[in-house]
Amino acid sequence: MKFSCNWLAEFTGPLGISARELADHITLKTAEQEGVEPAGKHFERVVTARVLAVNGRVVTIDCGPELGERTVYCGAPNVKAGMVSAYVPSGTLLGGKLIGKAVVHGVESDGMLASGAELGLNRESEGILELDHSVLPGSRLPQCEPDHIIEIDNKSLTHRPDLWGHFGMAREVAAILNRQLKDPVDMALIPAGAAAPIQVEIEDTSLCPRYSALVFENVTVKPSPVWLQYRLESIGLNPINNIVDVTNYVMAELAQPMHAFDHDALQGQTIYARRGKPGEWVVALNKETYHVDSENVVIADGRGPVAIGGIIGGLDSGVTGYTRRIVLESANFHAGNIRKSSTRLKLRTDASMRFEKSQDPQNTVRGLARAIALLQIVSPGIRLVGGLADAGRPASAPPQITLPLDWLRRKLGRDVPAEEVRRILTSLQFGVQSTRPDVLHVTAPSWRATKDISIKDDLVEEVGRMIGYTSIPPASPLLPAKPPVQNPQRDYFHYLRTVATSQGFTEVYNYSFLSEEQLAEFGFAPDAHVRVTNPIASDQTHMRSSLLPGLVRNIRDNSRHLDGFRLFEIGFEIHKKPAPDLPDEVAYLGACCYAKAGGGEPELYAVRHLADSIVPGVEVRTAVAERYEHPVRAWQLCCNETVVGRIAELHPNVVNGRAAVLLLNLKAVQALVRQPVRHKPLRRFPTSDFDLSVVTALRQPVGDLHKLIASTRLAHMLNVQYVRHYAGPPLAEDRKSVSFRVTVGADDRTLSNDEINQVRSELIDRLKNAGYELRI
């Protein structure tokens, strides 16, 4: 949200401090500022100029008595003799570029005639700026002064709907600087008791608490004055025409979104604020078509919807150059409904962002009164027809809050005189009464009572921020120090992080949401997932039932910059259960190992080693590959006949390169019955090793061979370890050789060569009897 210092000063008087100092005050006492940028510095030197003659692209201009006549080179299509435009003298810094003298085709060009876009007035760059012919050459552009723009972090304004307009921020600045606030609204402009020429009907006041409207005739639609364009453009709003710009001006000033309908494009004399109906749609001002339903509020005439309430107007009823009568809307809508509708339609506008914050219903008529004054300036001759059309539910009085001052001082941790508390609250336009010493009865203003101020703790914050939190001496709370309750799951997760990072894995954090596109890519059924009722983004519509899609996105993002990496995530999968049961959240560890080139085996061994480190003795079993997995590289992880996870290489169509992934069900792992670790004394006698190379099918899992050898349980055989495998000449193309190292030994003696050879021979015989060939 951007705020103009010049605009704020219109309500507070001269600020008396720099824009940077003001921004610091706002940060410490109201909302976090993100920066201060100068605007319109060039307007100190820009003057109006009348075009005297045009010879090709050589233009002679009259810049007034001080600068006299100048010659400039100008190729704008709209330049013509007699017009008045804006002249930028040499030596002016404009848009980061220093304007100087130049010789073009043998003609010295002194300065330039500028477009509205170059001057920062609007976004028209096709021709130079055209001003009213009555403007005298050599004068400054009216009401276009150098300014500073303060940008406020939107997240720090979420709870303050009143701060989405300049007047609300000026109220804060006046309280901070102890200034008198000037109200720009003259309510007397709305005639009291006059009959309204149109009617307003609200179907559900919980969705549209108030709808106010005025009708104007003798309307002239044309470009806005340059001062109005400058104001809007400096805070990021695009000037359109004088009527639309007035509605945007009021929105930026009073935080009250408005909309102007072409009266002649409406059917009937009644405007309806109602729920949408199945099959209805609106072609909006952005020329997009939006289908509405009963969850959306629409503004309708006798034919049907002409706008989506609180979000955007309709194209067919919008103001055009042919408009002569307008209906000016100023309404209020339910914040939650606007937020949901905006998200569902994937359409966020300046209006919807304000209505989402719970705007004050009493502000609708103030917005219309302000618009009357502005329309009389920008559209001379405009006439108000009749009186105010106003419908809605009665306004409820904000509750009175009792504020004991001794309690306030205790909460703040410092003494604040009663007179200072009263002054602060009064400057913020709270109602303050006192029936006994050291107790105040406070009433919040309507613009703070919608969602912000409701209890006495809120008033402590108001006083605290205005006196300055830096004035409160820091002190440790007088609370007993207790060690936190032991959390076994947190300790286990911490252990897993230590194991994974020690093996070169980097932890990542992903959102717990999936998009419909991700569900389709991985073949997940949308109905099996928990749908988010009010998603924060269009790609976060379902709760995740697997960590895999997030890890795949991490692989794709990082593979554009790195040739290899290892990642892991510890998170929860959300599994849908039949109503009314809540979803089941299952803790999982997901890991991946990526290499841009190679055969993929090192990556598989890396995730297998991680699984072995977490679940010692885990068994790997061949599994049927999913659509996103390599057809012959997918395995289940089992422990005590319980499936605890999965290892697979991702299909080449999923990622560019080789990526092995591990998914481990931590809930199942933690539920395993752990065998107690018993002490084993060091062996007194040495052991011996021998290697066996078994020839088998190329796709034969090594784990099956390992399991077969270990299951022989021959006397003196202590351990079987995989060493390596080989495929290539002289073996057949469909064969490979797998080498194992067998360790043998005895507790009471050193085995002789004959005993070792006996174990080796017996093991070879058993493998041959099982149909395997050995390379001896």
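What you see is a predicted model; the values in this text were computed from it and never measured.

Draft legend 1. Local environment of the packing of aromatic side chains. Following the criterion strictly, the structure yields 13 aromatic pairs and no others. With a centroid separation of 5.2 Å and 90 degrees between ring planes, the pair formed by Phe-333 and Phe-355 is classed as edge-to-face. Separated by 22 residues along the polypeptide, Phe-333 in the loop between strand E22 (326-332) and helix H8 (335-345) and Phe-355 in helix H9 (residues 350-355) bring together distant segments of the chain. Taken together, a centroid distance of 6.3 Å and an interplanar angle of 70 degrees make the contact between Tyr-722 and Phe-740 edge-to-face. With Tyr-722 in strand E37 (residues 717-726) and Phe-740 in strand E38 (residues 735-744), this residue pair connects regions lying 18 residues apart in the sequence. A relative accessible area of 26% places Tyr-722 in the partly exposed class.

Draft legend 2. Region of interest: the sheet that holds strand E3 (residues 47-55). With antiparallel pairing, the 5 strands of this open sheet are ordered in space as E5-E4-E3-E6-E11. A single partner strand is all that each edge strand has here, and the edge strands are strand E5 (69-73) and strand E11 (112-113). Both E3 and strand E4 (residues 58-62) contribute to a ladder of 5 bridges, which runs antiparallel. Note on E4: the bridge partner recorded for Val-51 is Ile-61.

Draft legend 3. Representation of unusual backbone geometry within the structure. The residue after Ala-579, namely Pro-580, is reached through a cis peptide bond having omega 5 degrees. Residue placement: Pro-580 occurs in the loop between strand E30 (564-575) and strand E31 (584-595). The omega angle of the peptide bond from Pro-729 to Pro-730 is 5 degrees, so this bond is cis rather than trans. Along the chain, Pro-730 turns up in the loop between E37 and E38. A positive phi angle is found at Gln-143, which is not glycine, with a value near 60 degrees. Inspection of the secondary structure assignment puts Gln-143 in the loop between helix H4 (116-119) and strand E12 (147-152). According to the relative accessible area criterion, Gln-143 is exposed, its value standing at 57%. Phi is positive for Lys-346, which is not a glycine, with a value near 55 degrees.

Draft legend 4. Fine view of the pattern of salt bridges. All told, the structure shown has 48 salt bridges when counted by the stated rule. Residue Asp-110 is joined to Arg-70 by a salt bridge in which the shortest nitrogen-to-oxygen separation is 3.0 Å. Here Asp-110 is found in strand E10 (residues 107-110), whereas its partner Arg-70 is found in strand E5, with 40 residues between them in sequence. With a shortest N-O distance of 2.6 Å, Arg-325 and Asp-264 are connected by a salt bridge. Placement of the pair is Arg-325 in the loop between strand E21 (312-313) and E22 and Asp-264 in the loop between strand E15 (258-262) and strand E16 (270-275), with a sequence separation of 61 residues. Judged by relative accessible area, which is 51%, Asp-264 ranks as exposed. The network of salt bridges with common partners includes Arg-160, Asp-162, Arg-171, Glu-172, Arg-448, Asp-452, Glu-462 and Arg-465.

Draft legend 5. Broad picture of the packing of helix H12 (residues 418-427) against helix H13 (residues 456-467). Relative to each other, H12 and H13 sit at 95 degrees, their axes nearing to 10 Å. Comparing their axes, H13 and H12 come out roughly perpendicular. Residue-level inspection shows Glu-420, Val-421, Ile-424 and Leu-425 of H12 in contact with H13, the latter providing Leu-459, Glu-462, Val-463, Met-466 and Ile-467. Across the contact of H12 with H13, the residue classes tally to 7 nonpolar, no polar and 2 charged.

Draft legend 6. Looking closely at the environment of Glu-733. Position of Glu-733 among the secondary structure elements: in the loop between E37 and E38. Judged by its relative accessible area of 79%, Glu-733 is exposed. Between the C-alpha atoms of Glu-733 and Ser-546, which are 187 residues apart in sequence, the distance is 38 Å.

Draft legend 7. Quick look at the sheet that holds strand E23 (residues 383-392). With antiparallel pairing, the 4 strands of this open sheet are ordered in space as E15-E22-E14-E23. Two strands close off the open sheet at either side, each with one partner strand: E15 and E23. Across the sheet, the mean angle separating the axes of adjacent strands is 20 degrees when strand polarity is ignored. Relative to E23, strand E14 (residues 210-217) runs antiparallel, the two sharing 7 bridges. The partner of Glu-217 across the bridge, within E23, is Arg-383.

Draft legend 8. Broad picture of the side chain of Asp-147. Considering the arrangement of structural elements, one finds Asp-147 in strand E12. Here Asp-147 is buried and forms no salt bridge, its nearest opposite-charge partner Arg-231 lying at an N-O distance of 5.4 Å. Side-chain polar atoms of Asp-147 contact the backbone nitrogen of Cys-5, separated by 3.4 Å. The contact partners of Asp-147, leaving out residues within four places of it in the chain, are Ser-4, Cys-5, Asn-6, Glu-37, Pro-38, Ala-39 and Tyr-230.

Draft legend 9. The arrangement of the nonpolar core in detail. Phe-216, Leu-403, Val-421, Leu-425, Phe-430 and Val-463 are the most contacted members of the largest nonpolar core, which totals 83 residues. The residues touching Phe-216, leaving out its near neighbours within four places in the chain, are Arg-324, Arg-325, Ile-326, Leu-328, Ile-372, Leu-375, Ile-382, Arg-383, Leu-384 and Val-385.

Draft legend 10. Structural detail: the side chain of Glu-649. Mapping Glu-649 onto the fold places it in strand E34 (residues 642-650). For Glu-649, a relative accessible area of 2% translates into the label buried. Here Arg-633 takes part through its side chain, which lies 2.7 Å from a polar atom of the side chain of Glu-649. Residue contacts for Glu-649: discarding those within four places in its chain leaves Gly-599, Gly-600, Leu-604, Glu-629, His-630, Arg-633, Arg-658, Ala-659 and Ala-660.

Draft legend 11. Up close: the environment of Asn-242. For Asn-242, the location among the structural elements is in helix H7 (residues 242-254). We classify Asn-242 as buried; its relative accessible area is 0%. Asn-242 sits 216 residues away from Asp-458 along the chain, and the two C-alpha atoms are 41 Å apart. Setting aside residues no more than four positions away along its own chain, Asn-242 makes contact with Thr-220, Val-221, Lys-222, Pro-223, Ser-224, Val-378 and Ser-379. In terms of polar contacts, Asn-242 uses its side chain to reach the backbone carbonyl oxygen of Val-378, at 3.2 Å.

Draft legend 12. Region of interest: the packing of H7 against helix H10 (residues 363-378). It is the contact of H7 with H10, at a shortest axis distance of 9 Å, that shows an interaxial angle of 135 degrees. As the angle between them shows, H7 and H10 are arranged oblique. The chirality of how H7 crosses H10 is right-handed. Residue-level contacts link Asn-242, Ile-243, Val-246, Tyr-249, Val-250, Glu-253 and Leu-254 of H7 to Asn-363, Arg-366, Gly-367, Arg-370, Ala-371, Leu-374, Leu-375 and Val-378 of H10. Here the contact of H7 with H10 is composed, by residue class, of 9 nonpolar, 3 polar and 3 charged.

Draft legend 13. Representation of the pairing of strand E36 (residues 688-697) in the model. When E36 meets E38, the two strands line up antiparallel, connected through 10 bridges. Looking across to E38, one finds that Asp-691 is bridged to Arg-741. The sheet contact formed by E36 and strand E39 (residues 773-774) spans 2 bridges and is antiparallel. Across the sheet, residue Val-695 finds its bridge partner in E39, namely Glu-773.

Draft legend 14. Region of the structure containing the environment of Val-283. Mapped onto the elements of the fold, Val-283 is located in strand E17 (residues 281-283). With relative accessibility at 28%, the residue Val-283 sits in the partly exposed group. Between the C-alpha atoms of Val-283 and Val-677, which are 394 residues apart in sequence, the distance is 72 Å. Setting aside residues up to four positions removed in sequence, Val-283 forms contacts with Glu-288, Thr-289, Gly-314 and Leu-315.

Draft legend 15. Up close: helix H1 (residues 5-12). Looking only at H1, the buried set comprises Cys-5, Trp-7, Leu-8, Phe-11 and Thr-12. All buried residues of H1 lie within an arc of 160 degrees about the axis, which places them on one face of the element. Those residues of H1 that are buried are in contact with strand E1 (2-4), helix H2 (19-29), E12, helix H5 (166-177), helix H6 (226-234) and H7. Where H1 begins, one side-chain oxygen reaches toward the backbone nitrogen of Asn-6, 3.4 Å away; that side chain belongs to Ser-4. One or two residues past the end of H1 sits Gly-13, with phi positive at roughly 85 degrees.

Cut-offs and rules
- Residues numbered from 1 in each chain as written.
- Predicted model: local features only at pLDDT ≥ 70, side-chain atom pairs only at ≥ 80, totals over all residues.
- Heavy atoms only, no water.
- Phe/Tyr/Trp six-rings, centres within 6.5 Å; stacked < 30°, edge-to-face > 60°.
- Helix = DSSP H or I, 4+ residues; strand = E, 2+ residues; numbered from the N terminus.
- Buried < 20%, exposed > 50% of the residue type's maximum accessible area, 1.4 Å probe, protein only.
- Pairing = 2+ DSSP bridges.
- Salt bridge = Lys/Arg side-chain N within 4 Å of Asp/Glu carboxyl O.
- Axes fitted to C-alpha atoms, helices over the stretch in contact; angles between N-to-C directions.
- Parallel < 35°, antiparallel > 145°, perpendicular 65-115°, else oblique.
- Contact = heavy atoms within 4.5 Å.
- Nonpolar A, V, L, I, M, F, W, Y, C, P; charged D, E, K, R; others polar.
- Lys, Arg positive; Asp, Glu negative; His and termini not counted.
- Polar contact = N/O pair within 3.5 Å; in protein donor to acceptor, adjacent residues only side chain to side chain.
- Core = buried A, V, L, I, M, F, W, Y, C linked by side-chain atoms within 4.5 Å.
- Left-handed = near helix turned anticlockwise from the far one by under 90°.
- Arc of directions from axis to C-beta.

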